[in-house]
Amino acid sequence: MTEESGGALVHLTVSEPLPLEVPAGDARAIMARASCPDGRDRTGMAIAVTAPDGRTATHVFALHADGVSETAAITLAAPPHLGVHVFRFTLSPHEIAGTHYAQAVLDVPVCVTPQATSLAVWDVPSPVVAGTRFVIKAGAKSTAGVALAGGAIEVCTETGDIAGRGVLSDAPLQDTGALYWTDIQLKAPRTEGMVTWSARFEASELNLPHDGANTSFSVAVVRPPEHVLSVRVIEQATAEPIPDVELRLGAYRGTTGASGLAEIALPKGRYELRLWKVGFEAPPRPVEIGADAFVEIEALVVPEEDPDARWRM
Amino acid sequence: MSKPTRASGKAEVNRRNFLARGAAAGVGVVAIAGTGAHEATAQNGNGSIKWDYAADVVVIGAGVAGLPAAITARDNGASVIIVDENFDIGGRGILSGGRVQVGGGHALQQKLGIKDTPDMLFNDWVRFDHSESRYADRDLIRVFADENVPTYDFLIENGVEFIEKPIRSPDASTVDRIFVTKEWHIPSQVYAPRRGRNGSGLVRRMEESARKKGVQIFLKHKMTSIVREKHNAGRVLGIVTIAGSNPVNIQARKGVIIATGGHTGNVNFRRIFDPRLTEEYQQACSPYVHQGADGELAAMDIGASLWSTANQTVDEAAQITKTRHIGCRWGYSSLVYEPDSPMFQQARATGLTVRDWQNMIFVNQNGKRFWDETDGSHGFFHAAMAYSGDKTKLNGGGPIWAIFDADAVTREKWKPEPPHVDRDGYFFSADTIPELAASIKNPYQKAPISGAALQETVNRYNGFVAAGADADFKKPTPLYKIEKPPFYAAWTTPILHDTLTGIRTNTDSQVIDIRGEVIPGLYCAGESQGGFAQHGLTRCIVFGRIAGRHAARRQIAETSGAR
């Protein structure tokens, strides 16, 4: 608060701690408050708020309680530039019940921060055969909802080499608010194992200041398949085939069809075959692949988790 | 058979006059009761009480314990008033599955060829090797066993109908004893129709019978205290209720029966038994009922003791459960309020019913995974309630959120929108995981979830899916990545269910005080009664009947000097 000579003091404050931190282009609502030692009511009086660009608007004190007069919410629109910007609140000299009050001024610093961006990476195939090409999808989103079309997402390997790059689409992904996306062509390493690659989005080209974004994704890189494992899953009690059973052998996967059969291509080696379907159980089974093979698994029916799970009909 | 009376005027007699008149008559309390209840007064800490109504027996709670208590009291010649704070009867029973664990060799068991006896029933429910029977009060179990067949007969006599097929139970029973009542035939009076809420048939039939027999039911009367002659001494005289903003005092000439349904909804009270159960844990059957521990508190105010408290924290029972319907505040496994339910406006969403827990991960209030999502054991609950590192919240684990993606929505065939989800604090969606974290705002989520932390959690889990093994929590065969936008966060904080401990009673359901003495005229039955951890309905009905019978006959007992 400042005051000029020639009158009693008026104390100006705002409803939020200062300085305000506001992302570029965003707005923040605060209330201005005025008080003086004799608790005068200033409802109906106006306070002027001068934005960093010099524009001034007035706001009326609407409430008075406990010796403090308060405006309704005043929206401060952060400029689209980083740094500290000052909004000046000015209450002109005025007189109440014969007492003259001096002009009061409060500078409200607004620290403008960058908007954030974030990433999503999806449709990552797994496993991927060593040395083969594959495609992923990646998208970027601005917290401000800014159109990111034309921006680029890069994928880097664990050693920091750029493995691929994609330019964001003109339109957001369906069912999203503003996720701009791209396909990215990649090539798997020549050796098998789990790799974790990073994706990054540089936001320096945007008109509104944004921070960039990073994320990561994992790919299981495997040897080329040599054999086919055929798995048939049947119900233990009835020998009926069970469709839609998810099968896993480490990174390898398959799903049974209507006949309860799935075929999974994989290289020689020892695996643990696991299955999952709600309402069925079967223990993991060790499998050694040295040639094409067939495995039949009998799964036990367990009642699906019912609403009254503590009881079974 | 005497009937409830309403005071014609609020004749006031102070305590001194009350005792003097009794002494002059030479018959003490009974003589005063016989002069007309409205003339009696009692002290309740703040001076004299003026009775607005009077009955021989006053039952607090029109649920699974209160209704049989009232009917049985009426059958034994008493006038009866039931009060209930709710706008309708039933308590939690109206929303239950209607599974009644009744055995001992009753007619339906005989018809179905199920061999059972009271002794077999007793032996099952005192088993040391089952959590629901281990800590039972065996005196209560003995009476419970002996009263099962009469309780079945009582239900049939009062119009309750059973589906003639037993349900196999994993509880302490070794023979089939769970029989399901038929759902009430008027959907709007079921509150969660078409969802197997067969308990509606149990309580509605008992309500029907109670009303026919002349039981008066005062709805929207909330009991605020139980009136005893002296604070911790003497007989119980009646209750104080609030109806709207009006106090309504009801004299009980013979007895007050607490049948208020338990304490699960009272955060302060439930933390007596488990300090972890802080405010974020909601309770099954809310918002229809809230189990506020009203009966326990009122009884303890006048000296009552708790009993068999070990039952509340056995790590196998249903005092806490996994949500099955996520993205809504109350997602208890068997309870869904559909949009046409009279309760839907309060419930706000049906929730998304989970078919396969592989379709999501659970994170705590810090955005970290904490357990295998496919597990629903007490190990899961302990992990969910573990200290999360939040120095401002040492007890309770905070909200638990299910995190999933668009592919999970497709697999589950969900529509992630109202009326299925409650977007006002219990369901969120966003284009990226960091934005999803930032979007989560809920009264129990005290600090925002870090976008970086949630992203790291999801990326790590996706790596486990790619590798085919969950290195952190051994989720069996982690199947699906969480990667396809948009992303979702749904409330899936474990939800509380059973009250498994409560007020101490003897085998007549008379409340016992902290010195081991009977509180004359005070009874307790149902989930507010301690000593028996059986999940479900039958212990409520059995001890409700016992309480009603003993209270109705009590006048004779008192004049002979007995309790």
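Bear in mind the structure is a predicted one, so any value in this text is a computation, not a measurement. (Residues numbered from 1 in each chain as written. Chains lettered and ligands numbered in written order. Predicted model: local features only at pLDDT ≥ 70, side-chain atom pairs only at ≥ 80, totals over all residues. Heavy atoms only, no water.)

Draft legend 1. Molecular detail of the overall build of chain B. Helix and strand counts for chain B stand at 17 helices and 22 strands. Looking at chain B as a whole, 64% of its 563 residues are labelled buried. Considering only residue pairs separated by 6 or more positions, chain B has 72% of its internal contacts joining residues 24 or more positions apart. About 19,600 Å² of surface is accessible on chain B, with carbon and sulfur atoms providing 51% of the total. (Helix = DSSP H or I, 4+ residues; strand = E, 2+ residues; numbered from the N terminus. Buried < 20%, exposed > 50% of the residue type's maximum accessible area, 1.4 Å probe, protein only. Contact = heavy atoms within 4.5 Å. Areas by Shrake-Rupley, 256 points an atom, 1.4 Å probe, with all protein chains shown as cover.)

Draft legend 2. Up close: the overall build of chain A. Broken down by element type, chain A carries 0 helices and 29 strands. In terms of C-alpha radius of gyration, chain A reaches 33 Å, well past the compact-globule figure of 20 Å for 313 residues. Each principal axis of the C-alpha distribution contributes one length, and for chain A these read about 100 × 55 × 30 Å. Of the contacts made within chain A by residues no fewer than 6 positions apart, 59% connect residues no fewer than 24 positions apart. By element, 51% of the accessible surface of chain A is carried by carbon and sulfur atoms, the whole surface being about 15,300 Å². Considering chain A, the positive charge centre built from 24 side chains and the negative charge centre built from 39 side chains are found 6 Å apart. (Rg over C-alpha atoms; globule rule 2.2 N^0.38 Å. Lys, Arg positive; Asp, Glu negative; His and termini not counted. Charge placed at Lys NZ, Arg CZ, Asp CG, Glu CD.)

Draft legend 3. Helix α8 (residues 199–212) of chain B, seen in detail. All names here are of chain B. For α8, which comprises 14 residues, the first-to-last C-alpha distance of 20 Å matches the rise-based estimate of 20 Å (1.5 Å per residue) to within 8%. If you check which residues of α8 are buried, you get Gly199, Ser200, Gly201, Leu202, Val203, Arg204, Arg205, Met206, Glu207, Ser209 and Ala210. Looking at the packing, one finds that the buried side of α8 touches α3 (66–75), β4 (99–101), α7 (138–157), β6 (178–181), β7 (216–219) and α16 (538–552). Looking at the residues trailing α8, positive phi occurs at Gly214, about 100°. (Expected span 1.5 Å × (residues − 1).)

Draft legend 4. Representation of the packing of α3(B) against α16(B). All names here are of chain B. One way to put it is that α3 packs onto α16 with a least axis distance of 7 Å and a crossing angle of 35°. You can see that α3 and α16 cross each other, and the crossing is right-handed. Contact residues: α3 offers Pro68, Ala69, Thr72 and Ala73, while α16 offers Ile541, Gly544, Arg545, Gly548, Arg549 and Ala552. (Axes fitted to C-alpha atoms, helices over the stretch in contact; angles between N-to-C directions. Left-handed = near helix turned anticlockwise from the far one by under 90°.)

Draft legend 5. The pattern of salt bridges, seen in detail. This model, assessed by the stated rule, comprises 44 salt bridges over all chains. Two residues, Arg55(A) and Asp53(A), come together in a salt bridge whose shortest N-O distance is 3.6 Å. Taking the relative accessible area as the measure of exposure, Arg55(A) reaches 64% and is therefore exposed. Since its relative accessible area comes to 52%, Asp53(A) is described here as exposed. Through salt bridges with shared partners, a single ionic network connects Asp88(B), Arg204(B), Glu207(B) and Arg211(B). (Salt bridge = Lys/Arg side-chain N within 4 Å of Asp/Glu carboxyl O.)

Draft legend 6. Expanded view of the packing of aromatic side chains. Residue and element names in this part refer to chain B. Evaluation of the coordinates by the stated rule reveals 24 aromatic pairs over all chains. Centre to centre, the rings of Trp125 and Phe532 are 5.8 Å apart; their planes meet at 75°, and the pair counts as edge-to-face. A residue pair is termed long-range when its members are at least 10 positions apart, and Trp125 in the loop between α5 (118–124) and α6 (131–134) and Phe532 in the loop between β22 (518–524) and α16 qualify at 407 residues. The burial state of Trp125 is the same as that of Phe532; both residues are buried. Judged by centre distance (5.4 Å) and plane angle (20°), the ring pair of Phe404 and Tyr488 falls under stacked. Placement of the pair is Phe404 in strand β16 (residues 401–405) and Tyr488 in strand β18 (residues 487–491), with a sequence separation of 84 residues. The same class applies to Phe404 as to Tyr488, namely buried. Among the aromatic side chains, those forming a connected cluster through ring pairs are Trp357, Phe362, Phe370, Phe380 and Phe381. In this arrangement the basic side chain of Lys322 is found over the ring face of Phe380, its NZ or CZ atom lying 5.3 Å from the centre. A cation sits over an aromatic face here: Arg411 above Tyr480, 3.6 Å from the ring centre. (Phe/Tyr/Trp six-rings, centres within 6.5 Å; stacked < 30°, edge-to-face > 60°. Lys NZ or Arg CZ within 6 Å of the ring centre and 35° of its normal.)

Draft legend 7. View of unusual backbone geometry. Residue Ser126(A) is joined to Pro127(A) through a cis peptide bond whose omega torsion reads 5°. For Pro127(A), the location among the structural elements is in the loop between β14 (117–122) and β15 (128–129). Of the consecutive residues Pro485(B) and Pro486(B), the connecting peptide bond is found in the cis state with omega at -5°. You can see Pro486(B) is positioned in the loop between α15 (451–467) and β18. Positive phi, normally seen in glycine, also occurs at Arg194(B), with a value near 65°. Counting through the fold element by element, Arg194(B) comes out in the loop between β6 and α8. By relative accessible area, Arg194(B) is classed as exposed at 54%. Despite not being glycine, Lys220(B) has its phi angle at roughly 55°, a positive value.

Draft legend 8. Local environment of the packing of α7(B) against α16(B). All names here are of chain B. Where α7 contacts α16, the two axes come as close as 9 Å, and the packing angle between them is 90°. The orientation of α7 relative to α16 falls into the category roughly perpendicular. Contacts from Leu140, Val143, Phe144, Glu147, Asn148, Pro150, Thr151, Phe154 and Leu155 in α7 reach Thr538, Arg539, Ile541, Val542, Phe543, Arg545, Ile546 and Arg549 in α16. (Parallel < 35°, antiparallel > 145°, perpendicular 65-115°, else oblique.)

Draft legend 9. Up close: the sheet that holds strand β27 (residues 280–281) of chain A. Residues and elements named next belong to chain A. Taken together, 4 strands build an open sheet; the order of strands is β25-β22-β29-β27 and the sheet is mixed. Every other strand in the sheet has two partners, leaving β25 (261–266) and β27 as the edge strands with one partner each. Both strand β22 (residues 227–235) and β25 contribute to a ladder of 6 bridges, which runs antiparallel. Each residue of the ladder has a partner; that of Leu229, found in β25, is Ile264. (Pairing = 2+ DSSP bridges.)

Draft legend 10. The domain arrangement of chain A, seen in detail. What the domain assignment reports for chain A is domain 1 (2–113), domain 2 (117–222) and domain 3 (227–312). Inter-centroid distance (C-alpha atoms) of domain 2 of chain A to domain 3 of chain A is 34 Å. (Domains from an automatic or database assignment.)

Draft legend 11. Molecular detail of the environment of Gly214(B). Residues and elements named next belong to chain B. With respect to the element layout, Gly214 can be found in the loop between α8 and β7. According to the relative accessible area criterion, Gly214 is partly exposed, its value standing at 28%. Sequence separation between Gly214 and Ser245 is 31 residues, and the spatial gap between their C-alpha atoms is 27 Å. The contacts of Gly214, once residues within four sequence positions are left out, are Arg74 and Val80.

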